[in-house]
Amino acid sequence: MKVDVLLGLQWGDEGKGKVVDVLTPRYDVIARFQGGPNAGHSLEFNDVKHVLHTIPSGIFRGDQINVIGNGVVIDPIIFKKEIEGIAQLNIDLTNNLFISKKAHLILPSHRILDEASEKAKGKTKIGSTLKGIGPTYMDKTGRNGLRVGDILTASFKEKYQTLIEKHETLLCQYSDFKYSLKDYEEGWFEGIEALKKFNIIDSEYYINDLINTQKTVLAEGAQGTLLDIDFGSYPYVTSSNTISAGACTGLGVAPNKIGEIFGIFKAYCTRVGSGPFPTELHDETGDKLRNMGHEYGATTGRPRRCGWLDLPALRYAVMINGVTQLVMTKADVLNEFETIKVCTKYRTPEGEKDIMPYCLETEIEPVFTELPGWNQEISSYRTLDEMPDALKSYINYIEMKVGVPVKILSVGPNRDQTIFK
Ligand code: GDP
Ligand code: IMO
Ligand code: MG
C-alpha cells in the first residue's frame, strides 16, 4: 500500500493532531516524519484534551503502530515526560511505539544554544519555541549530531561529551549569557534510559516492509508549509522540511510510494513567533479570532497572531505539497461574523500579484474580497447538508481558487465534530 501524508498548509497549529486522531482507525501505522518537541498536537475525546509533542497522534485508538521517523529530533527529557503522562491513562506504548535509530537527539546544550542565539538576535529573533530544534538540525547537517542508535553503543557517553565540549566553545561567544548544563543533564540521562525501553529500529526497513505487506501508513507532519526551511518565510521558519517531500526523507519512503496528501488549513490564519504575516489583524477582529479560537500555543502558551485566510499562500502550499484533498478546520470560530474577508492577492511595489513574493517582509499589502458570514452556530452539525449556505459558499470559493476539493471539515476540537464530504 501507499503512504498517505497529512501536513499543515499554514504556519502550524492547523489541527493536525485532531485530524490524525480522527483518521487513525483507517490506518495500521501512524508515523511522524520531522520536527520535534516544538510541535504541540492537540486532540480531544471524552471531554479531555491531550497534547502530544514527539509521539504520533495515533496512540489513542488501540492497536495502531506508531513510528517516530529518522527525520524527527527527540529531546529525551520531554519524551520521558510525555510517556509518563500517557502511562497515567493506562496506555502502555512499549509494544507499539517504534523509534528510528537515525532520529537525532536534542542535547541539553542544544536547548541552551537555541536560547543564547535567540537572545543575541534581539529584535530579529525567530520567536523559536526554544526546544533546541535549530541547533540540533544544524548538528545533523553539519555531521556532528548524536542519533538514537548511538545510545546503544559503548562510546555513547564519550560522543556526548565531545559534542557538549564543542557546544561549550560555541557558547563562549555569548559572553554575557549565563547557563547551567547541570540543570538538564541528570534528567536527560534518565530520558535516555526511558528511550531504551522502546523498540529502537531501522525504521526505513520497517516501514517499507509494512508497505510491502499491504499495511496502510499515515505520515503525520509537524509545523506547516510556511515554516518549511526551504519554502517558508525564511529566516522565520523552523529547521526541517515540513512539506510532503519531507515525508520521503523523514521516513525513508520513496516518492512513488506516496498516495493521498491531506493538506490541512484553518478557515483563517494564525502564526506564533516572529516573521511576516500579510493578513494579520492588529485590531479587535484579530482579538475576536484569538478569543473564539482559543488561539494560544499548545507548546509555549504564547498568544497566536491571528488574521484572515491568505489564498495566494494557500495555493502556494497546495502546489509545493501536491495536495490531493483539503481539510478545513475551525470553521466554527467564524460563527459570529457578519462578513468574512479572504486575501486573494497582494499589492506589491511591482504591482498586484497572486503568487508568494520572494520576501514577504517587503512592503506587500493584502487585497481582500469580502464574503457573507453564516453568523450562526455550526458545531453541532454532523453533515454538510445541515450547514448554512454561506459556509458552503465559503468552501466552494476556496475550492475554486485553490483547485483542490475540501474533503474533511472540522467544526470543533472534539473527534466527533468532523464531517466527511
Ligand atoms: P496542530 O499543531 O496542528 O495539531 O494544532 P494545535 O493542536 O496546536 O492547535 C489546534 C487547536 O485547535 C487545538 O486546541 C485543537 O483542539 C483545536 N481545534 C482543532 N480543530 C478544531 C475545530 O475545528 N474547531 C475548534 N474550535 N477548535 C479546533
Ligand atoms: P505544530 O506541529 C506553530 C514556530 C515557532 C517559531 C518558528 C521556529 O504544533 O504545528 P523552532 O522552535 O522550530 O525553532 O521555532 O516556528 N513553530 C511553530 N508554530 N506550530 C508549531 O508546531 C511550531 N513549531 C515551531 O513559533 O516561530
Ligand atoms: Mg500545534
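Refer to the structure printed above.
Residues numbered from 1 in each chain as written. Chains lettered and ligands numbered in written order. Predicted model: local features only at pLDDT ≥ 70, side-chain atom pairs only at ≥ 80, totals over all residues. Heavy atoms only, no water.

Enquirer: Quick question: what am I supposed to make of the overall build of the chain here?
Expert: For the chain, the helix and strand inventory stands at eleven helices and 20 strands. Relative to its length of 421 residues, the chain is compact, with a C-alpha radius of gyration of 21 Å against a globular reference of 22 Å. For the C-alpha atoms alone, the extent of the chain along its principal axes is close to 65 × 50 × 40 Å. Taking all 421 residues of the chain together, 58% fall into the buried category. For the chain, restricting intrachain contacts to residue pairs at least 6 apart in sequence, the fraction spanning at least 24 positions comes to 77%. Accessible area for the chain stands at about 17800 Å²; split by element, carbon and sulfur atoms hold 50% of it. In the chain, 48 side chains carry a positive charge and 55 a negative one; their mean positions are 3 Å apart. (Helix = DSSP H or I, 4+ residues; strand = E, 2+ residues; numbered from the N terminus. Rg over C-alpha atoms; globule rule 2.2 N^0.38 Å. Buried < 20%, exposed > 50% of the residue type's maximum accessible area, 1.4 Å probe, protein only. Contact = heavy atoms within 4.5 Å. Areas by Shrake-Rupley, 256 points an atom, 1.4 Å probe, with all protein chains shown as cover. Lys, Arg positive; Asp, Glu negative; His and termini not counted. Charge placed at Lys NZ, Arg CZ, Asp CG, Glu CD.)

Enquirer: Would you mind going over the layout of surface pockets with me for this structure?
Expert: Where empty space is left becomes clear once a probe the size of a water molecule has been rolled over the atoms. Roughly 900 Å³ of internal volume is contained in the largest pocket. Around the largest pocket, the lining is made up of 47 residues, and of these Ile-126, Ser-128, Gly-134, Val-237 and Thr-238 lie nearest the centre. Where the lining of the largest pocket is concerned, the elements lending two or more residues are helix 3 (108–121), helix 4 (133–141) and helix 5 (156–171). A per-class count over the lining of the largest pocket returns 17 nonpolar, 20 polar and ten charged. Looking at the second largest pocket, its volume works out to about 620 Å³. Residue lining of the second largest pocket: 31 residues in total, with Lys-49, Gly-293, His-294, Lys-330 and Pro-413 positioned closest to the centre. Put simply, the parts of the chain that give the lining of the second largest pocket at least two residues each are helix 1 (16–23), strand 3 (41–45) and strand 4 (48–52). When residues in the lining of the second largest pocket are grouped by element, the largest group, four residues, is from strand 3. Tallied by class, residues from the lining of the second largest pocket come to seven nonpolar, twelve polar and twelve charged. (1 Å grid on protein atoms, 1.4 Å probe; cavity = no way out; pocket = protein on both sides within 12 Å on 5 of 7 lines; lining within 4 Å. Points joined across faces, edges and corners; volume = space filled by probe spheres on them. Nonpolar A, V, L, I, M, F, W, Y, C, P; charged D, E, K, R; others polar.)

Enquirer: Would you mind showing me how to read the site of ligand 1 here?
Expert: Close to ligand 1 lie 20 residues, the nearest being Lys-16, Ser-42, Lys-49, Asp-332 and Ser-410. One of the backbone nitrogen or oxygen atoms of Glu-14 is found 3.1 Å away from an oxygen atom of ligand 1. Between an oxygen atom of ligand 1 and a side-chain N or O atom of Lys-49, the distance comes to 2.8 Å. Here ligand 1 has 580 Å² of accessible area as a free molecule, and 95% of this is covered by the chains. (Near = heavy atom within 4 Å. Polar contact = N/O pair within 3.5 Å; in protein donor to acceptor, adjacent residues only side chain to side chain.)

Enquirer: Help me understand the coordination of the magnesium ion (ligand 3) in this model?
Expert: For a metal bound by four donors in tetrahedral geometry, the ideal donor-metal-donor angle is 109.5 degrees, whereas six donors in octahedral geometry ideally sit at 90 or 180 degrees. Asp-13 (OD) and Gly-40 (O) make up the full set of protein donors to the magnesium ion (ligand 3), lying at 2.1 to 2.3 Å. Residue Asp-13 is found in the loop between strand 1 (3–8) and helix 1, and its partner Gly-40 is found in the loop between strand 2 (29–32) and strand 3; the two are separated by 27 residues along the sequence. What makes Gly-40 buried here is its relative accessible area of 11%. (Donors = N, O, S within 2.8 Å, 3.2 Å for Na, K, Ca; no water.)

Enquirer: Can you help me understand the pattern of salt bridges in this one?
Expert: Opposite charge on two side chains permits them to pair, given that their charged atoms come into close proximity. Under the definition given, this model contains 24 salt bridges. Residue Asp-150 pairs with Lys-159 through a salt bridge whose shortest N-O separation is 3.5 Å. Ionic contacts of the salt-bridge type, sharing partners, join the residues Asp-13, Lys-266, Glu-295, Arg-304 and Lys-330 into one network. (Salt bridge = Lys/Arg side-chain N within 4 Å of Asp/Glu carboxyl O.)

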